[in-house]
Amino acid sequence: MDVYKSLASYKKKNPSIVTIGTFDGVHLGHKAILTQLMNAAKKNNQASILLTFFPHPRMVLQKKSSLRLINTIKERSEIIEQTGVSNLIIHPFTKEFSRLTALEFVRDILVNQLHIKKIIIGYDHQFGRNRTATINDLIEFGNIYDFEVIEITAQQLQNVSISSTKIRKALEEGDVKTANQYLGYPFMLSGKIVKGKGIGKTLAFPTANLEIKEDYKLIPKNGVYLVRSVIAKKEVFGLTNIGTNPTFGGIHKSIETHFLDYKNDLYNKNIRINFIKKIREEKIFDSKEALKIAIKEDEIFARDYLKRSEEQRLN
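No experiment lies behind these values; they were computed from the predicted model shown.

Q: Looking at this model, I keep getting lost on the packing of aromatic side chains. Mind explaining?
A: Geometrically, a pair of aromatic rings is defined through the distance of the ring centres and the angle of the planes. Summed over the entire model, instances satisfying the criterion amount to 10 aromatic pairs. Their ring planes at 70° and their centres at 5.8 Å tell us that F93 and F97 sit as a pair that is edge-to-face. Classification of F93 as buried rests on a relative accessible area of 11%. F97 sits in the buried class, given a relative accessible area of 13%. The side chain of K195 reaches across the aromatic face of Y267, ending 3.9 Å from its centre.

Q: Whenever I open this one, the pattern of salt bridges confuses me. Can you help?
A: For the coordinates displayed, the defined rule picks out 19 salt bridges. For the salt bridge of D108 with R107, the shortest nitrogen-to-oxygen distance reads 2.7 Å. A relative accessible area of 34% means that D108 is categorised as partly exposed. With a relative accessible area of 30%, R107 lands in the partly exposed category. The salt bridge involving R313 is made with E310; its shortest N-O contact spans 2.7 Å. With a gap of 3 residues between them, R313 and E310 both fall in helix α11 (residues 288-314), about one helical turn apart. Look at R313 and you get exposed, because its relative accessible area is 59%. The class of E310 is partly exposed, set by a relative accessible area of 34%. Taken together, the shared-partner salt bridges in this structure form one network comprising D261, K296, E299 and R303.

Q: What is the right way to look at the environment of A170 in this model?
A: Here A170 lies in helix α8 (residues 164-172). A170 sits 10 residues away from N180 along the chain, and the two C-alpha atoms are 9.4 Å apart.

Q: Is there a simple way to think about helix α6 (residues 135-145) in this case?
A: What sets the pattern is the α-helix's 3.6 residues per turn: residues three or four places apart point alike. Among all positions in α6, only I135, L138, F141 and G142 are buried. Viewed along the axis of α6, the buried residues span an arc of 105°, placing them on a single side of the element. Structural note: α6 exposes N136, N143 and I144 on the side pointing more than 90 degrees away from its buried face.

Q: Can you walk me through the sheet that holds strand β12 (residues 270-281) in this structure?
A: Either a parallel or an antiparallel arrangement is found when strands of a sheet pair, and the pairing is made through backbone hydrogen bonds. Read around the closed barrel, 6 strands run β7-β8-β11-β10-β9-β12, paired in antiparallel fashion. Adjacent strand axes in the sheet meet at a mean angle of 45°, parallel and antiparallel pairs treated alike. Relative to the sheet, helix α9 (residues 176-183) contacts β9 (223-231) and β12, its axis offset from that of β12 by approximately 130°. The sheet strands contacting α11 are β9, β10 (234-243) and β12, and the helix crosses β12 at an angle near 100°.

Q: I tried to follow a positive patch on the surface on my own but got confused; where do I start?
A: There is a patch of like positive charges on the surface, built from K63, K95, R99 and R129. By the secondary structure assignment, K95 is in helix α4 (residues 95-98). Given the relative accessible area of 39%, K95 is considered partly exposed.

Criteria and cut-off values
- Residues numbered from 1 in each chain as written.
- Predicted model: local features only at pLDDT ≥ 70, side-chain atom pairs only at ≥ 80, totals over all residues.
- Heavy atoms only, no water.
- Phe/Tyr/Trp six-rings, centres within 6.5 Å; stacked < 30°, edge-to-face > 60°.
- Buried < 20%, exposed > 50% of the residue type's maximum accessible area, 1.4 Å probe, protein only.
- Lys NZ or Arg CZ within 6 Å of the ring centre and 35° of its normal.
- Salt bridge = Lys/Arg side-chain N within 4 Å of Asp/Glu carboxyl O.
- Helix = DSSP H or I, 4+ residues; strand = E, 2+ residues; numbered from the N terminus.
- Arc of directions from axis to C-beta.
- Pairing = 2+ DSSP bridges.
- Axes fitted to C-alpha atoms, helices over the stretch in contact; angles between N-to-C directions.
- Contact = heavy atoms within 4.5 Å.
- Patch = residues over 30% accessible without salt bridge, like charges linked within 9 Å, V, L, I, M, F, W, Y side chains within 5 Å.
- Areas by Shrake-Rupley, 256 points an atom, 1.4 Å probe, with all protein chains shown as cover.
- Lys, Arg positive; Asp, Glu negative; His and termini not counted.
- Charge placed at Lys NZ, Arg CZ, Asp CG, Glu CD.

In structure tokens form, the structure reads like this:
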């Protein structure tokens with residue numbers, strides 16, 4: 001897949017089939033659209049292009065937006081690449097860009113820049129300045145500039161019944177099972193391991209403290225989760241605690257993982273944790289010993305869950 005950091009950097013002249021959207025999460029609904037895109041591109045021997053934007057338009061146009069995204073832009077790019085799309089254009093979304101009229105967007109970008117012959121778009125898609133143009137306007141532009149509009153109908157979208165909004169809500173509630181079902185893959189957090197307060201070591205459960213530099217990344221609800229990572233090409237499972245360490249009077253949120261069968265130093269290494277299941281809510285314990293007992297119970301639960309999952313997979 002060829003990745004372009006702006007529309008201006010895309011220089012190809014061959015005819016293309018395009019789809020447009022933020023595609024946060026690249027969930028099963030998105031993948032159905034991308035499959036349609038790639039099938040049409042292959043059938044017509046044309047380039048497939050996904051035009052997406054960063055930052056998310058709501059983060060630019062709504063000053064008080066508290067929107068957090070399912071994927072970092074790097075994660076989004078990696079997942080899109082796995083779908084087989086030929087070209088990904090990540091265009092910087094700015095207030096200036098949002099002021100383009102529908103005509104300017106279609107003529108200058110879709111037609112003159114991307115050389116489209118087809119566009120695959122949702123029935124409720126709105127575009128242009130103040131998002132005043134609809135798919136009917138797009139069809140009219142298609143008649144003028146000789147490109148076909150393939151409409152994803154309301155029924156098709158309802159059949160999928162998946163949205164980034166639903167996934168964000170599930171994660172905010174700690175429901176990673178539902179989020180993962182909608183995504184079609186485990187929700188992930190990616191970052192660098194940095195030094196923490198060392199509380200885990202005092203409990204005989206050392207943890208790796210994950211620092212996420214992208215402040216727009218959605219963090220699931222506080223609690224303890226079973227996670228999976230790949231470290232040094234080896235699959236490793238762990239217990240991730242998201243929270244403030246309230247038993248020790250903490251106030252700042254941290255993301256700490258105790259890996260079950262991995263003891264090597266991880267400081268300054270970049271890792272990714274994939275969420276499998278929520279184990280319990282964050283709690284305040286009466287003592288350090290009570291917390292140690294709870295963590296041991298979390299580990300027993302996690303190992304038993306993994307064993308049962310493996311047995312079900314083999315059967």
